[in-house]
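What follows is each chain in one-letter form.
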Amino acid sequence: MLYLAQVRKNDFLDQHQLRLLARQEVDNLWAIIPEEAFILLGKGNPMSENFLVLVELSPTGDIQRVEDATNWVLHLVQTYLTTGITPEFLLHEAERAEHWRQSLTLQNQDLARRSLELEARREQIQALEESLKREKNGYHKDEE
């Protein structure tokens with residue numbers, strides 16, 4: 001699983017550790033890790049303190065890969081922040097989409113209701129036609 005982490009110095013153990021900040025749930029969906037979670041890097045991995053990295057962990061929690069997060073952050077800035085996509089904009093668009101969905105649902109329900117009414121009227125007209133045919137046939141028999 002992929003995580004965004006910050007390098008921290010563990011003075012007690014005299015080595016660096018990674019503070020996990022967020023984890024990738026699925027593509028383009030990340031979850032903030034609210035509690036403090038740390039993974040020791042070991043003494044053979046000197047990194048600058050407060051350095052942001054992407055770290056891939058195995059299912060058992062072992063570090064599989066660590067890479068500088070600079071390009072990833074720049075990609076986020078270029079993709080989302082240079083076009084004016086803000087959380088407020090996304091919320092507004094989600095609300096618009098929900099209103100549109102509700103409107104379409106109401107329209108669909110109205111069309112279904114009208115369709116049922118038309119079907120009922122058609123059946124009434126057919127019943128009247130049948131009744132008229134029977135009456136007409138009945139009058140013709142009486143005239144003979």
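Everything discussed here concerns the structure shown above.
The structure displayed is predicted, hence computed values, not measured ones. Every residue gets a number counted from 1 within its own chain, in the order that chain's sequence is written. This being a predicted model, a pLDDT of at least 70 is required before a residue's local features are given, and a value of 80 or more before pairs of side-chain atoms are given or counted; all residues contribute to the totals for chains, interfaces and linings. Heavy atoms throughout the structure, all of them, feed into the side-chain values; hydrogens and water do not.

This part takes up the overall build of the chain. Working definition: helices are DSSP H or I runs of at least four residues, strands are E runs of at least two. Numbering for both runs from the N terminus. Across its full length, the chain holds 2 helices and 6 strands. Along its sequence from the N terminus, the chain presents helices and strands in the succession β-β-β-β-β-β-α-α. All radius of gyration figures rest on C-alpha atoms, and the globule criterion is 2.2 Å times the number of residues raised to 0.38. Computed over the C-alpha atoms, the radius of gyration of the chain is 34 Å, more than 25% above the 15 Å expected from 2.2 N^0.38 for a compact globule of 144 residues. The dimensions of the chain, computed from C-alpha atoms along their principal axes, are 115 × 35 × 25 Å. Contacts were defined at the residue level, with two residues in contact if any of their heavy atoms lie within 4.5 Å. A separation of at least 24 residues holds for 42% of the contacts in the chain among residues at least 6 apart in sequence. For the charge count, each Lys or Arg is scored as positive and each Asp or Glu as negative, with His and the chain ends excluded. All charge positions are set by atom: Lys at NZ, Arg at CZ, Asp at CG, Glu at CD. Taking the 16 positively charged and 25 negatively charged side chains of the chain as two groups, their mean positions are separated by 4 Å.

Below, the discussion takes up the pairing of strand β3 (residues 29–32). Each pair of strands is called paired provided DSSP finds at least two bridges between the two strands. When strand β2 (residues 15–26) meets β3, the two strands line up antiparallel, connected through 4 bridges. Bridge pairing in β3 places A22 opposite I32. From the end of β2 to the start of β3, which pair antiparallel, there are 2 residues, and N28 there has a positive phi angle of about 60°.

Moving on to the environment of A97. Looking at the secondary structure, you find A97 in helix α2 (residues 87–143). With a relative accessible area of 40%, A97 lands in the partly exposed category. Here the alpha-carbon distance between A97 and L18, two residues 79 residues apart in the chain, equals 39 Å. Each residue's exposure class comes from its accessible area (1.4 Å probe, protein chains only) as a fraction of the maximum for that residue type: buried when under 20%, exposed when over 50%, partly exposed otherwise.

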